[in-house]
Amino acid sequence: ARHIGAQFHQPPPPPPPAPEQLLGVEFEQVSVLPKDVVVGKGRVWVTLNLKNSGTAKWPANLSLYHIAGLNSVDKVGVPELEPGKSVKASIMFENPGKSGEFASIWRLGIYKDGSLKHVGPEIPLMFTVLEEKKQEPRQNYSERVMERAKKLQNVFPHLDFLKVLPVVNAHMSKSDDELGEMLLDLP
């Protein structure tokens, strides 16, 4: 059946997306400095690579905001960034003062109309804090060097102990066999 004079109305087009909906982000944690974080030893720097995976340029007021977990600062600014481009961002943490696994959750955001509008996924940053390695007392080390040198000198009685001792001291990490080969070359 045909409708004569009928008008068909199409629904109005959807409103254009808010600017923050055109912004996209991809991220990857790339480093933790120092490499071995030790309890109570300095600050920790976590660096991540941020990529604008959206269709709009990141605005000047875009920042990384702390959401949960360990933090030393509440926000870190990021530069304006064209779509497809990447930038590195580093976040500084005070040393937690205890060993363990630590996480901090961040997210890009824009302050708009007096409230924070989040952009993209949550960004987890993680690092491990190790117990400080106890230095072996020098006396114990020296005693071990002397014992190994005496043992090896018994294997090579023709060598003077004063020739064996510096070789052993300089190469304590080597096996007895490796040290023996080195001692064979001595006059």
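Please read these numbers as outputs of a predicted model, since none were measured by experiment.

**Student:** Can you tell me about the pattern of salt bridges, naming the residues and giving the values?
**Tutor:** Scanning the model with the defined rule gives three salt bridges in all. Residue lysine 57 pairs with glutamate 80 through a salt bridge whose shortest N-O separation is 3.1 Å. Pair noted here: lysine 57 is in the loop between β3 (44-52) and β4 (62-69) and glutamate 80 is in the loop between β5 (75-77) and β6 (86-93), with a separation of 23 residues, a long-range link. Relative accessible area serves as the criterion here: at 43%, lysine 57 is assigned to the partly exposed category. One network of salt bridges, in which partners are shared, links Lys57, Glu80 and Glu82.

**Student:** Talk me through the packing of aromatic side chains; I want residue IDs and the actual numbers.
**Tutor:** Going through the model one piece at a time under the given rule, you end up with three aromatic pairs. For the pair phenylalanine 93 and phenylalanine 127, a centre-to-centre distance of 5.5 Å together with 50° between the ring planes defines the contact as tilted. Here phenylalanine 93 is found in strand β6, whereas its partner phenylalanine 127 is found in strand β8 (residues 115-130), with 34 residues between them in sequence. Neither residue differs from the other here; phenylalanine 93 and phenylalanine 127 are each classed as buried. Here the aromatic cluster, defined as three or more aromatic residues joined through ring pairs, consists of Phe93, Phe102 and Phe127.

**Student:** Lay out the pairing of β4 with the relevant residues and their values.
**Tutor:** The pairing of β4 with strand β7 (residues 100-112) spans seven bridges and is classified as antiparallel. Pairing of glycine 69 across the sheet is with serine 104, part of β7. The hairpin formed by β4 and β5 contains five residues between the paired strands.

**Student:** Can you tell me about the environment of proline 79, naming the residues and giving the values?
**Tutor:** With respect to the helices and strands, proline 79 occurs in the loop between β5 and β6. For the pair proline 79 and alanine 60, spaced 19 residues apart in the sequence, the C-alpha separation amounts to 6.2 Å. In this structure proline 79 touches Trp58 and Val87, once residues within four positions along its chain are discounted.

Definitions and limits used
- Residues numbered from 1 in each chain as written.
- Predicted model: local features only at pLDDT ≥ 70, side-chain atom pairs only at ≥ 80, totals over all residues.
- Heavy atoms only, no water.
- Salt bridge = Lys/Arg side-chain N within 4 Å of Asp/Glu carboxyl O.
- Helix = DSSP H or I, 4+ residues; strand = E, 2+ residues; numbered from the N terminus.
- Buried < 20%, exposed > 50% of the residue type's maximum accessible area, 1.4 Å probe, protein only.
- Phe/Tyr/Trp six-rings, centres within 6.5 Å; stacked < 30°, edge-to-face > 60°.
- Pairing = 2+ DSSP bridges.
- Contact = heavy atoms within 4.5 Å.

The values are spatial; any link to function lies outside them.
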